[in-house]
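Examination of the molecular architecture
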Number of protein chains: 2
Amino acid sequence: MSDPLAALLRTYTPLADLDPRETVGFDGDKAAGEQALAAVGAELSELQERLHADGVSGGRRSVLVVLQGMDTSGKGGTIRGVAGMVDPLGVRIAAFGRPTPEELEHDFLWRIGRRMPAPGQLVFFDRSHYEDVLAARVRGLADDEEIDRRYDAINDFERAYVEGGGVIVKCLLHIDRDVQADRLRARLDDPTKHWKFDPSDLDDRELWPQYLDAYETVLERCSTDVAPWFVVPSGRKWYRNWAVASLLLEHLRTLDLGWPEATFDVEAARERLDRT
Amino acid sequence: MSDPLAALLRTYTPLADLDPRETVGFDGDKAAGEQALAAVGAELSELQERLHADGVSGGRRSVLVVLQGMDTSGKGGTIRGVAGMVDPLGVRIAAFGRPTPEELEHDFLWRIGRRMPAPGQLVFFDRSHYEDVLAARVRGLADDEEIDRRYDAINDFERAYVEGGGVIVKCLLHIDRDVQADRLRARLDDPTKHWKFDPSDLDDRELWPQYLDAYETVLERCSTDVAPWFVVPSGRKWYRNWAVASLLLEHLRTLDLGWPEATFDVEAARERLDRT
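What you are looking at is a predicted structure, and each value in this text was computed from that prediction instead of being measured. Residue indices begin from 1 for each chain and proceed along its sequence in written order. All chains are assigned letters beginning with A, and all ligands numbers beginning with 1, in the order in which they are written. In view of the model being predicted, local features appear only for residues whose pLDDT reaches at least 70, and side-chain atom pairs are presented and counted only at 80 or more, with totals across whole chains, interfaces and linings using the full set of residues. In computing side-chain properties, one takes all heavy atoms of the structure into account and sets aside hydrogens as well as water.

1. A look at the overall build of chain A
- Scanning chain A from terminus to terminus reveals 12 helices and 5 strands.
- Expected size for 276 residues packed as a compact globule is a radius of gyration near 19 Å; at 20 Å, chain A falls within 12% of this value.
- Principal-axis analysis of the C-alpha atoms places the extent of chain A at approximately 70 × 45 × 40 Å.
- Burial classes: relative accessible area under 20% of the type maximum marks a residue as buried, over 50% as exposed, and values in between as partly exposed (1.4 Å probe, protein chains only). Looking at chain A as a whole, 53% of its 276 residues are labelled buried.
- Whether two residues touch is decided by their heavy atoms; if any such pair falls within 4.5 Å, the residues are in contact. Within chain A, contacts between residues separated by at least 24 positions form 80% of all contacts whose residues are at least 6 apart in sequence.
- The charge count includes Lys and Arg as positive and Asp and Glu as negative, but it does not include His or the ends of the chains. One atom stands in for each charge, and that atom is NZ of Lys, CZ of Arg, CG of Asp or CD of Glu. For chain A, the centre of its 35 positive side-chain charges and the centre of its 50 negative side-chain charges are spaced 4 Å apart. Helix and strand assignments follow DSSP, with helices taken as H or I runs no shorter than four residues and strands as E runs no shorter than two, numbered in order from the N terminus. Our radius of gyration looks at C-alpha atoms and nothing else; its globule reference is 2.2 Å times the residue count to the power 0.38.

2. A closer look at the UniProt feature "domain: Polyphosphate kinase-2-related" (unreviewed entry) in chain A
- According to UniProt, the feature "domain: Polyphosphate kinase-2-related" (unreviewed entry) maps to residues 29-253 of chain A in the numbering used here.
- Secondary structure over residues 29-253 of chain A splits into 52% helix and 14% strand, and the C-alpha atoms at its two ends are 26 Å apart. UniProt positions are given in the numbering used here, feature names are shortened, and annotations may be inferred rather than shown by experiment.

3. Focus: the packing of aromatic side chains
- Note on aromatic pairs: the rings of Phe, Tyr and Trp (six-membered ring only in Trp) are paired at centre separations within 6.5 Å, and the planes decide the class, stacked below 30 degrees, edge-to-face beyond 60, tilted for the rest. Enumeration over the complete set of coordinates arrives at 14 aromatic pairs over all chains.
- Between the aromatic rings of Phe26 of chain A and Trp238 of chain A, the centroid separation amounts to 5.5 Å while the plane-to-plane angle is 70°, which identifies the pairing as edge-to-face. On the criterion of sequence distance, the pair formed by Phe26 of chain A in the loop between helix H1 (5-10) and helix H2 (30-56) and Trp238 of chain A in helix H11 (residues 237-255) is long-range, its members being 212 residues apart.
- Under the relative-accessibility criterion, Phe26 of chain A is labelled buried at 14%.
- Through a chain of ring-to-ring contacts, the aromatic side chains of Phe26, Trp238, Tyr239 and Trp242 of chain A assemble into a single cluster.
- Against the face of Phe96 of chain B rests Arg115 of chain B, its NZ or CZ located 5.0 Å from the ring centre. Only when the NZ atom of a Lys or the CZ atom of an Arg is both within 6 Å of the ring centre and within 35 degrees of the ring normal do we say a charge sits over the ring.

4. Topic: the layout of surface pockets
Residue and element names in this part refer to chain B.
- Here a cavity denotes a set of grid points, spaced 1 Å apart and computed over the protein atoms alone, in which a 1.4 Å probe fits but from which it cannot get out, and a pocket denotes an open set meeting protein on both sides within 12 Å along at least five of seven lines; residues with an atom within 4 Å of a point are reported as lining. Grid points are joined across faces, edges and corners, and a volume is the space filled by probe spheres set on the points. Roughly 190 Å³ of internal volume is contained in the second largest pocket.
- As for the second largest pocket, its lining consists of Thr100, Glu102, Glu103, Trp110, Arg111, Arg114 and Arg115.
- Going through the elements one at a time, helix H4 (101-104) and helix H5 (110-113) are the ones with two or more residues in the lining of the second largest pocket.
- Taken together, the residues of the lining of the second largest pocket sort by class into 1 nonpolar, 1 polar and 5 charged. We call Asp, Glu, Lys and Arg charged. Ala, Val, Leu, Ile, Met, Phe, Trp, Tyr, Cys and Pro are nonpolar, and the rest, Gly among them, are polar.

5. Some remarks on helix H7 (residues 144-163) of chain A
Residues and elements named next belong to chain A.
- Between the first and last residue of a helix there are one fewer steps than residues, each counted as 1.5 Å, and that sum is the expected span. Taking 1.5 Å of rise per residue, 20 residues should cover 28 Å, and H7 covers 29 Å from first to last C-alpha, within 8% of that figure.
- The complete set of buried residues in H7 reads Ile147, Arg150, Tyr151, Ala153, Ile154, Asn155, Glu158 and Tyr161.
- The secondary structure elements touched by the buried residues of H7 are strand S1 (62-68), helix H6 (135-138), strand S4 (166-174) and helix H10 (208-221).
- Positioned one or two residues after H7, Gly165 has a phi angle of 115°, which is positive.

6. Here we look at the relation of the copies chain A and chain B
- What sets the superposition is a least-squares fit of C-alpha atoms, and only residues with pLDDT of at least 70 in both copies go into it. Between the two copies, chain A and chain B, the superposition gives an RMSD of 0.0 Å; the rotation angle is 180° and the shift along the axis is 0.0 Å. Given the turn and translation reported, the copies of this chain are related as if by a two-fold rotation axis. For chain A, the smallest separation between a C-alpha atom and the rotation axis is recorded for Gly84 of chain A, amounting to 3.1 Å.
- A share of 100% of the interface residues of chain A reappears at the interface of chain B, consistent with the copies meeting face to face through the same patch.

7. Focus: the environment of Asp29 of chain B
- Along the chain, the position of Asp29 of chain B falls in the loop between helix H1 (5-10) and helix H2 (30-56).
- Taking the C-alpha atoms as reference, Asp29 of chain B lies 20 Å from Ala42 of chain B; in sequence the two are 13 residues apart.

8. What to know about the sheet that holds strand S3 (residues 122-126) of chain B
Residues and elements named next belong to chain B.
- Taken together, the 5 strands give an open sheet; going across it, the order is S2-S3-S1-S4-S5, and neighbouring strands pair in parallel fashion. The sheet is open, and its two borders are formed by strand S2 (91-95) and strand S5 (229-233), each paired with just one other strand. Between one strand and the next, the sheet's axes are offset by a mean angle of 20°, whatever the strand orientation.
- Pairing between strands is defined by DSSP: at least two bridges between the two strands are required. Summarising the sheet, S2 and S3 pair through 5 bridges and their orientation is parallel. The residue bridging Ala95 from the neighbouring strand is Asp126, located in S3.
- A fitted line through C-alpha atoms serves as each axis, taken over the contacting stretch for helices, and the angle formed by two N-to-C directions is quoted from 0 to 180°. Of the strands in this sheet, strand S1 (62-68) and strand S4 (166-174) are in contact with helix H7 (residues 144-163), which crosses S4 at around 135°.

9. Quick word on the interface of chain A and chain B
- Each partner contributes residues to the interface: chain A has 43 residues there, and chain B has 43 residues.
- Buried area is calculated as the accessible area (1.4 Å probe) missing from two parts once they are joined, with the contributions of both summed. Taken over both partners, the interface formed by chain A and chain B buries close to 3,900 Å², and the fraction arising from carbon and sulfur atoms is 66%.
- In terms of surface lost to chain B, no three residues of chain A exceed Trp195, Arg272 and Leu273 of chain A, which account for 19% of the buried area on that side.
- A pairing counts as a salt bridge when a side-chain nitrogen of Lys or Arg comes within 4 Å of a carboxyl oxygen of Asp or Glu. Joining chain A to chain B, the criterion identifies 12 salt bridges.
- The shortest N-O distance in the salt bridge between Arg270 of chain B and Asp189 of chain A comes to 3.0 Å.
- Identification of polar contacts relies on pairs of N or O atoms within 3.5 Å, with a donor-acceptor requirement for protein atoms, meaning one able to donate a hydrogen and the other able to accept it, and with residues adjacent in sequence counted only if both atoms are side-chain atoms. One can count 14 residue pairs in polar contact (both at pLDDT 80 or more) joining chain A with chain B.

10. Some words on unusual backbone geometry
- Here the phi dihedral of Thr72 of chain A falls at roughly 75°; this positive angle occurs in a residue that is not glycine.
- The class of Thr72 of chain A is buried, set by a relative accessible area of 9%.
- One non-glycine residue, Asp256 of chain B, lies in positive phi territory at about 50°.
- Take Asp256 of chain B: it is sitting in the loop between helix H11 (237-255) and helix H12 (266-275).

Quick look at the structure:
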C-alpha cells in the first residue's frame, strides 16, 4: 500500500459506471493479492489483540465493520476471509435477516443497538441498519417520510457510537448484474450449494435499478466525516478480501493502541508465584 | 488416527497421576502434529458447513464444545486454534466470567441456557456451567447441598439438549502445577502479556488440591452416556489443539450430515435467471 486505501475507495463514481473487477490501490494479480492479504492478516491479528487487551483493561475503544451489498456480493465470504484471520475470542459476527415480529415492534435501530460492539470487540455486521433504507425502500416496507427520517437517525446513531470510542468501517461490496448472474448460476449448478439459493433473490435482482438508486442515496446521505462509506469493487474475491482487510487495518492503526500497563505489582506476583 | 480418540481420552486415570505432556493417540512430534491438525481442519470446515446448511434448512442439529481447565490450561488458545479453522459465520464463542448481579438472581443454568447453540451452530464455551460446581465449590460460593443438587441438574440439562438434537463435547484441559508455574512466569516476564495476568489466579493456584478434588467429582458424576468428559493432556499446545479438533471431528462425523435438497424448482429458477 502506498496511498491509504481509505482515500482511494472514497473517491466518488456513480455505481452504475463502476467496474466491479477493478483492483483499486492494488498492483498485482491474484497470487500477489493472496500473499498481500496474509501480510495484512498478521498485523491485523496483533492490533486486534491489542484492542481486546485494551477492552479487558478498561478501555472504551471498539470497531464495527458494516458489510452491505447485493446477493452474492460476498458478505459471508469476506467475513470468512477477514474475520477468520484474527482471534475468534475477540470477534463477533452479527447477521441481520428479515426482522422478527418482536423487532418490528421497535424502532429499526433497536435490534442494531443490542448487537453493537462492546469495548475491546471487533464486530462484523452481515447486513445492517442500512437494510432499513435499502430493502425497506425498494420493497416499500415503510413510507417515504419514515425512510427519509432514517438517514439522519442512522447518522446520529453512528456519530454517538464514534463519540463513545467506536470506529466504523462501512463497506459496500460492489458487483454488477453480470457478476451476480454468474454467481447465482454457479449456485444452481452445484447441488451442494442449493441451500444457499433463495428464489426470492431473483425478486431483488429484478429490482436492480431501484436498489442502485437506494444505494446511491445511502452513499450521498450517510457518508459522514466520522463514518464514511467505502465502495469495494467485489468482482474479484481475492481483491475484495484484501481491500476490506486493508481498510480495517488502516482504521485499527489510527487507534494507536499500546499494551496495557500492569495494574498489579509484578515483582510481588513473581515472588508469590515462586512460593506456591 | 487409528482408534477413535474419544475412546482413548475417556479412559480413567486419577488426574494427579496424569502426565500433562502425554500425547495419547498421536504418534509423532510437534511438526507432525501441526500437519495433522491442518488435515483435521479441512474436514472440520466442510462438516461445519454441512451443519450450518442443515440448520438453515430446518434441521435441529447443533454442537457444543465445553472447555474447562485451570488458568493457563489453554482454553483461549484452543478456541483460537480450533474454532479459527472453520467459518466464523457458523461459530459462536461464549465466555463465562464471574456471574453478574442479574445472573446471580437466577438459577445457575439461566445464563447458560441463553447461550446454548441454535440449530446449525457450533458453539465453544470458554468456561461453563461447570464453574458452578468447581470454583463455586472450592471458594464456598454455595453450600454443600446446593452444590450436590447441581450435578444432577447439569446432567438433566445436558440430556435435554442432546435429546433435542444437540451434541456435546466436554474437554477438560489437563495441566499440572509445574506447567502452570512456567506459563504464569512467562506472562509475568513479558510486558505485552501483563494484561492477561490477574493476581487472583494465584489464589486459585494455592487451592490446587481442592480444585483437583472438585474436578474428580465432576468426572465421576457428570460423565454420562450422552455427554461424557474427555481429559485432554494440555502440556503441549500442539497436541491439545489436535486432540480437541479431532474429538470435535469424530463427533461431527457421527451426525452423518448430507447437503440439504433444494426446496425449489431448480430448472425454473435457472430459466428465470436467464430472463433477468
